[in-house]
Amino acid sequence: MLPAPHPFPYQGSKRKLIKDIFAKSDISKINSVVEPFAGTASVSLALLKNNYVDYAFINDKNTHVSKLWEAIYSNPIQLVEGYEELWNRQLTDPKLFFFEMRNKFNEEYNPEVFLYLLARIVKGAVRYSKKGKFTQSADNRRLGMKPKSMRKNILEIHQLIKGRVKITNNCFTDKELYSLSGENTLIYLDPPYQGVSFTSDSRYISGVDYQSFCTYLTELLVNNPNIIISYDGKLGDKQYGKDLPKSLPFKHFYICAGISAQETLSGRTSKTLESLYISENIYDYSKQIESKESIQISLDVA
């Protein structure tokens, strides 16, 4: 697949794993895609870029993220010009300016400010307090993506999604998301992983309960046979979270997400493996032979 442009830094983005996600899938009959946990919408962008689909449904329960997507779709010039202004204003004192913008953002949402914060935060990892305040700190070793590169990416994405996407801010169980359900629609689910749901690690607006997720999958499969899920995994020999029930009609694989920056800094080389579940309806049985796993270094920010 041709690489799609990258809208903004966001931990957990699957941009670098796209080829692995689709390596064992037959999507030849797919013409639309739904991402209920979109984030950077890497899967939707890749499928649109490579003309696998004509339409994408981008949804994220985090209002900050969904509103940023709305700005990319409707007001890209205002967004990139606002980002450039903020990026330049920070040069006098980047550390102080970041805190000022974070305080401003917590008082009133502004897509340009949110884009700037995402470009500056540690590992692209969004964090919130229990009261919903944005709390992540800046990575003071860098200033964030340069305005010229940000402009190029955002405007290219705008052209790619123009007239081809719907953007919403719903829970993943909302029926509106599955209005495109059927034999020709792919649903890609990348829910908050079990290790960061209902814990002190507040990187998501809300977690997803394992049992509730499994129960909902059973209901979803009735009308939506084409589902791919990224969900937890393991680091070296350590398993994170439970596997999905074997009673569900999915093929389960591990894909290599690389060696995390934290592992590298600690002098360890354990590979991060993410679970990938492909519904039997779109599993490509002609691709059963495993390819050799290549180790790649990941900075945790795709």
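Quick caveat: nothing in here was measured; it's all calculated off a predicted structure.

*Asks:* Explanation requested: the overall build of the protein in the structure shown.
*Replies:* Regarding its fold elements, the protein presents nine helices and eight strands. Across the protein, contacts joining residues at least 24 apart in sequence account for 72% of those joining residues at least 6 apart. Entry remark: accessible area of the protein is about 14800 Å², with carbon and sulfur atoms responsible for 50%.

*Asks:* I tried to follow the packing of helix α4 (residues 76-89) against helix α7 (residues 147-161) on my own but got confused; where do I start?
*Replies:* Between α4 and α7, the shortest axis-to-axis distance is 10 Å and the interhelical angle comes to 165°. Here α4 is positioned roughly antiparallel relative to α7, judged by the angle of their axes. For the pair α4 and α7, the crossing hand works out as right-handed. Along its contact with α4, which presents Pro76, Ile77, Leu79, Val80, Glu81, Tyr83, Glu84 and Trp87, the element α7 presents Pro147, Met150, Arg151, Ile154, Leu155 and His158. Tallied by class, residues from the contact of α4 with α7 come to ten nonpolar, one polar and three charged.

*Asks:* Got a minute to help me understand the packing of aromatic side chains in this structure?
*Replies:* Aromatic rings considered in pairs are described by the distance between their centres and by the relative angle of their planes. Considering all chains together, one arrives at 19 aromatic pairs under this definition. When the centroid spacing of 6.2 Å and the interplanar angle of 50° are considered together, the rings of Tyr109 and Phe114 count as tilted. Judged by relative accessible area, Phe114 falls into the buried class, the value being 0%. Arranged with centres 5.7 Å apart and planes meeting at 90°, the rings of Tyr128 and Phe134 form a pair that is edge-to-face.

*Asks:* How should the environment of Asn140 be read in this particular structure?
*Replies:* Relative to the assigned elements, Asn140 resides in the loop between α6 (111-120) and α7. A relative accessible area of 48% places Asn140 in the partly exposed class. In the structure, Asn140 is positioned 18 residues away from Val122 in sequence and 8.4 Å away in space, judged by C-alpha atoms. Not counting the four nearest positions on each side in its chain, Asn140 is found in contact with Lys95 and Arg120.

*Asks:* I tried to follow the nonpolar core on my own but got confused; where do I start?
*Replies:* Burial of nonpolar side chains together is a common tendency in soluble globular proteins. In terms of nonpolar packing, the biggest core is built from 63 residues, with Phe8, Ile21, Phe22, Trp69 and Ile72 touching the most fellow members. Per-element tally for this core: the top contributor is α6, with seven residues. Among residues more than four places away in sequence, those in contact with Phe8 are Gly39, Thr40, Val65, Leu68, Trp69, Ile72, Leu115 and Leu118. By size, the runner-up hydrophobic cluster in this structure holds 24 residues, among which are Phe57, Tyr216, Leu220 and Leu221.

*Asks:* I would appreciate a short explanation of helix α5 (residues 94-107) in the present structure.
*Replies:* Counting along an α-helix, one turn takes 3.6 residues, and residues three or four places apart therefore face a common direction. In this model α5 runs 20 Å from its N-terminal to its C-terminal C-alpha over 14 residues, within 8% of the 20 Å that 1.5 Å per residue would give. Every buried residue of α5 is listed here: Phe97, Phe98, Met101, Arg102, Phe105 and Asn106.

*Asks:* Is there a simple way to think about the environment of Lys234 in this case?
*Replies:* Here Lys234 shows up in strand β5 (residues 227-235). Judged by its relative accessible area of 24%, Lys234 falls in the partly exposed class. On a C-alpha basis, the gap between Lys234 and Leu273 in space is 5.3 Å, while along the polypeptide they are 39 residues apart. With residues near it in sequence (within four places) discarded, Lys234 still touches Gln239, Tyr240, Tyr254, Lys271, Thr272 and Leu273.

Rules used throughout
Residues numbered from 1 in each chain as written. Predicted model: local features only at pLDDT ≥ 70, side-chain atom pairs only at ≥ 80, totals over all residues. Heavy atoms only, no water. Helix = DSSP H or I, 4+ residues; strand = E, 2+ residues; numbered from the N terminus. Contact = heavy atoms within 4.5 Å. Areas by Shrake-Rupley, 256 points an atom, 1.4 Å probe, with all protein chains shown as cover. Axes fitted to C-alpha atoms, helices over the stretch in contact; angles between N-to-C directions. Parallel < 35°, antiparallel > 145°, perpendicular 65-115°, else oblique. Left-handed = near helix turned anticlockwise from the far one by under 90°. Nonpolar A, V, L, I, M, F, W, Y, C, P; charged D, E, K, R; others polar. Phe/Tyr/Trp six-rings, centres within 6.5 Å; stacked < 30°, edge-to-face > 60°. Buried < 20%, exposed > 50% of the residue type's maximum accessible area, 1.4 Å probe, protein only. Core = buried A, V, L, I, M, F, W, Y, C linked by side-chain atoms within 4.5 Å. Expected span 1.5 Å × (residues − 1).

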